[in-house]
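Single-letter residue listing:
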Amino acid sequence: MANPTTTRPSPPPNRAAASGDPGAPPGPRRRPSALRRNWWGLLLLIAVGLVFLIPLYMLLTTAFKTNAEIYTWPLKWLPSQFTGDNLAQAWEIAPFGAFIKNSLIVTAVGATLKVVLAIFAAYAFAFLPFPGKKWLFVAMLGALMVPGHVTLLVNYITMGNLGMINTYAGLILPGVASAFGTFLLRQHFLSLPSEVFEAAEVDGAGHLRRLLSFTLPMSIPAVATVALVAVIDEWNNFVWPLIITNSVNMRTLPIGLMYLKSNDGLTNWGVLMAGTLIVVLPMLLVFLFAQRYIVTGLTGAAAGNGR
Amino acid sequence: MSVELETTTSTVRGAAPPPADRAAAQRKRRRRGYALFAAFAFPNLALIAVFAYWPIIANLYLSLTNWDFISPEPLFIGLTNYTSLLASPSFHKVLWVSLVWVVVVVGISLVLGVLLAALFSKKLPGTSVVTGIVFTPHVVSGAAIAVVWLFIFDPNYGLARVLFNLVGADSPNWTTDADWALPALLIVSIWKGVGFVAIVYLAGIQGLPSDVLEAARLDGAGPVQVFLRVILPLLSPTTFFLVITQTIAAFQAFDIIAIMTDGGPASSTTTLSWFIYEQAFMRSNVGYSAAAGTVMFVILMVITALQFRFVEKKVHY
């Protein structure tokens with residue numbers, strides 16, 4: 001992702017030739033003309049790619065530049081040497097190990113609970129009877145419209161009353177119920193072929209078995225989508241961890257960045273970038289390998305005003 | 001907890017009961033279904049009730065009180081918080097900054113997003129890679145993005161200085177100059193969000209009926225005409241959806257402000273969401289913050305209500 005050469009518009013190899021269309025003119029003649037027709041489009045595409053890659057490139061290089069090369073003008077595009085000093089220094093300035101641990105715990109536990117609760121609730125809303133079920137479903141979806149910022153204050157007070165300020169439970173609990181995940185999974189469950197469930201019922205399978213051995217195995221892509229979106233949301237969450245934790249050792253990574261940023265305007269950019277890289281890298285990798293699920297999940301999540 | 005209920009269900013297994021008992025069996029099964037529903041859905045519903053619905057009610061009450069988190073009881077003071085908010089010039093400024101933020105970010109993201117989508121829909125070589133790159137900022141932490149851009153805006157060593165030097169000017173002190181701070185944050189916000197808009201528009205464009213576009217082209221419409229007269233109107237449901245969701249997101253922008261400016265300099269970047277946070281958690285003005293929260297709630301509810309009105313009418317021209 002951070003490799004700028006990937007933007008190079010590599011034309012697909014011999015598309016016309018590969019298509020095997022006997023009527024098509026020989027490959028080498030056709031392609032240049034298509035390219036010439038679209039040269040401005042390609043230029044634009046490269047420019048757009050650069051606008052979004054350059055900040056990431058700056059992040060990557062600055063994190064490993066020596067101070068001498070960061071604080072120099074004109075700007076050095078290619079560092080002449082790479083150093084790990086910034087990373088090491090980040091660890092000295094703030095308990096980065098603790099930040100990483102906290103982020104991992106909150107993300108792993110929070111996302112897992114979120115997915116599990118959503119699966120059970122989705123199954124209930126899809127297949128189990130209940131008086132007033134429709135009404136409950138609407139009430140659940142209505143939660144998507146409650147703006148997150150309006151709930152911060154009261155949730156903080158609630159967690160205070162429960163004695164959960166500055167604890168993992170306090171970090172995790174308020175975000176665990178997911179109306180959107182439940183909705184998405186319910187829609188998916190309802191789309192599954194009903195014959196399978198009828199067969200399972202005839203076989204005497206109870207609801208728990210129907211869920212675990214029939215519904216879930218057929219829903220892996222949908223569950224993966226919900227899980228990935230949950231992981232991204234938990235990892236990147238900012239305002240709630242900022243409020244609910246108050247000791248350095250309970251902070252998560254995004255909040256931890258604030259400890260690397262000095263308030264007197266004399267920020268040590270190399271160190272700050274090294275910390276930022278640690279925040280960004282895991283989600284970049286997740287995105288790289290699961291792009292398709294994440295895009296459907298996040299665009300879908302916005303469909304419910306989920307964020 | 002549900003396992004126990006499960007084993008009882010399986011006793012109904014297989015055998016067809018005599019017709020007389022069938023109704024009774026069905027009732028029994030139904031009741032078991034109720035119990036299971038409660039067990040399966042309860043955690044989710046309870047958490048939503050406690051952390052999404054209760055806050056609205058409690059916030060409304062807190063907004064009528066004066067409290068600092070510490071004194072034992074919130075003191076009821078009626079509508080005083082609201083009247084002083086509405087009379088306060090600094091709150092007017094907060095509303096103004098929020099309005100500018102929302103209009104600029106949503107407006108520019110939508111225009112750039114639809115243009116990007118039009119570019120991506122041409123399926124040039126390399127498009128899928130660039131689409132992925134443009135969407136990336138949506139996936140990574142807003143706080144991290146804010147840090148990177150803070151460096152880009154550094155007047156001495158930042159990338160933005162390159163552009164200013166190109167035209168022979170000095171870079172401004174972006175984040176510490178009251179005139180430049182808001183534009184800086186708006187740029188970051190647009191940069192972060194435009195990829196999402198582009199992807200939603202791209203999906204919309206790919207879903208358009210191809211025969212209509214074909215017909216327009218056969219009628220002799222140029223690409224710009226097709227885009228403006230055919231594609232854009234057909235995309236109006238997508239546009240409407242994006243206006244609503246992006247507006248709600250823009251109203252709640254927070255991490256960029258927290259990292260880059262803390263609402264300053266001179267409150268020039270204090271939006272409604274920063275104001276709510278600042279009043280409660282930096283100044284312990286609980287009631288005042290709650291009243292500002294109600295203002296945000298009302299604004300967003302009105303926007304959401306509009307959404308439902310329009311969606312029913314199906315925005316199509």
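Provided above is the structure to which this section pertains.
Worth saying up front: this structure is predicted, and the values here are computed from it rather than measured.

Draft legend 1. Highlighting the overall build of chain B. Across its full length, chain B carries 14 helices and two strands. For 317 residues, the compact-globule formula gives about 20 Å, and the C-alpha radius of gyration of chain B, at 27 Å, lies well above that figure. Taking the principal axes of the C-alpha coordinates as reference, chain B spans close to 95 × 70 × 35 Å. A buried classification covers 52% of the 317 residues belonging to chain B. Across chain B, the fraction of contacts at a sequence separation of at least 24, relative to all contacts at a separation of at least 6, is 67%. As displayed, chain B offers around 14900 Å² of accessible surface, 66% of which is attributable to carbon and sulfur atoms.

Draft legend 2. Spatial organisation of the overall build of chain A. What chain A contains, in helices and strands, is 16 helices and zero strands. A burial count over chain A gives 49% of its 307 residues as buried. Here the analysis covers contacts within chain A between residues at least 6 apart in sequence; of these, 70% occur between residues at least 24 apart. A total accessible area of about 14000 Å² is found for chain A, and carbon and sulfur atoms account for 65% of it.

Draft legend 3. Main features of unusual backbone geometry. Looking along the chain, the bond that leaves A:Trp73 and enters A:Pro74 is cis, with omega of 0°. Along the polypeptide, A:Pro74 turns up in the loop between helix H4 (67-70) and helix H5 (85-93). Of the consecutive residues B:Gly264 and B:Pro265, the connecting peptide bond is found in the cis state with omega at -15°. Along the chain, B:Pro265 falls in the loop between helix H12 (255-260) and helix H13 (272-282). You will see that B:Asp262, though not glycine, has its phi angle at about 55°, which is positive. With a phi angle near 55°, B:Ala266 is a residue other than glycine that sits in the positive phi range. The residue B:Ala266 is located in the loop between H12 and H13 in this model. What makes B:Ala266 exposed here is its relative accessible area of 63%.

Draft legend 4. A look at the interface of chain B and chain A. Each partner contributes to the interface: chain B provides 95 residues, whereas chain A provides 104 residues. Between chain B and chain A, roughly 8500 Å² of surface is buried when both sides are summed, and carbon and sulfur atoms account for 80% of that area. In terms of surface lost to chain A, no three residues of chain B exceed B:Phe37, B:Phe40 and B:Phe51, which account for 9% of the buried area on that side. At the junction of chain B with chain A, the criterion picks out one salt bridge. Between B:Arg29 and A:Glu201 there is a salt bridge, with the nearest N and O atoms lying 2.9 Å from each other. Joining chain B to chain A, the criterion identifies 13 residue pairs in polar contact (both at pLDDT 80 or more).

Draft legend 5. The layout of surface pockets, seen in detail. Its boundaries defined by the atoms lining it, the largest pocket holds a volume of some 1400 Å³. Forming the boundary of the largest pocket are 47 residues, of which A:Leu44, A:Val48, B:Leu115, B:Leu116 and B:Leu119 lie nearest the centre. Of all elements in the fold, only helix H3 (39-64) of chain A together with helix H4 (89-120), helix H6 (142-152), helix H7 (159-166), helix H8 (181-206), helix H9 (210-218) and helix H10 (223-234) of chain B reach the threshold of two or more residues within the lining of the largest pocket. Sorting elements by how many residues they give to the lining of the largest pocket places H3(A) first, with eight residues.

Draft legend 6. Summary view of the nonpolar core. Judged by nonpolar contacts, the single largest core of 181 residues is most densely connected at A:Leu185, B:Phe40, B:Trp101, B:Met260 and B:Leu272. By size, the runner-up hydrophobic cluster in this structure holds nine residues, among which are A:Ile157, B:Ala58, B:Leu62 and B:Ala290.

Conventions used here
- Residues numbered from 1 in each chain as written.
- Chains lettered and ligands numbered in written order.
- Predicted model: local features only at pLDDT ≥ 70, side-chain atom pairs only at ≥ 80, totals over all residues.
- Heavy atoms only, no water.
- Helix = DSSP H or I, 4+ residues; strand = E, 2+ residues; numbered from the N terminus.
- Rg over C-alpha atoms; globule rule 2.2 N^0.38 Å.
- Buried < 20%, exposed > 50% of the residue type's maximum accessible area, 1.4 Å probe, protein only.
- Contact = heavy atoms within 4.5 Å.
- Areas by Shrake-Rupley, 256 points an atom, 1.4 Å probe, with all protein chains shown as cover.
- Buried area = accessible area lost by both parts, 1.4 Å probe.
- Salt bridge = Lys/Arg side-chain N within 4 Å of Asp/Glu carboxyl O.
- Polar contact = N/O pair within 3.5 Å; in protein donor to acceptor, adjacent residues only side chain to side chain.
- 1 Å grid on protein atoms, 1.4 Å probe; cavity = no way out; pocket = protein on both sides within 12 Å on 5 of 7 lines; lining within 4 Å.
- Points joined across faces, edges and corners; volume = space filled by probe spheres on them.
- Core = buried A, V, L, I, M, F, W, Y, C linked by side-chain atoms within 4.5 Å.

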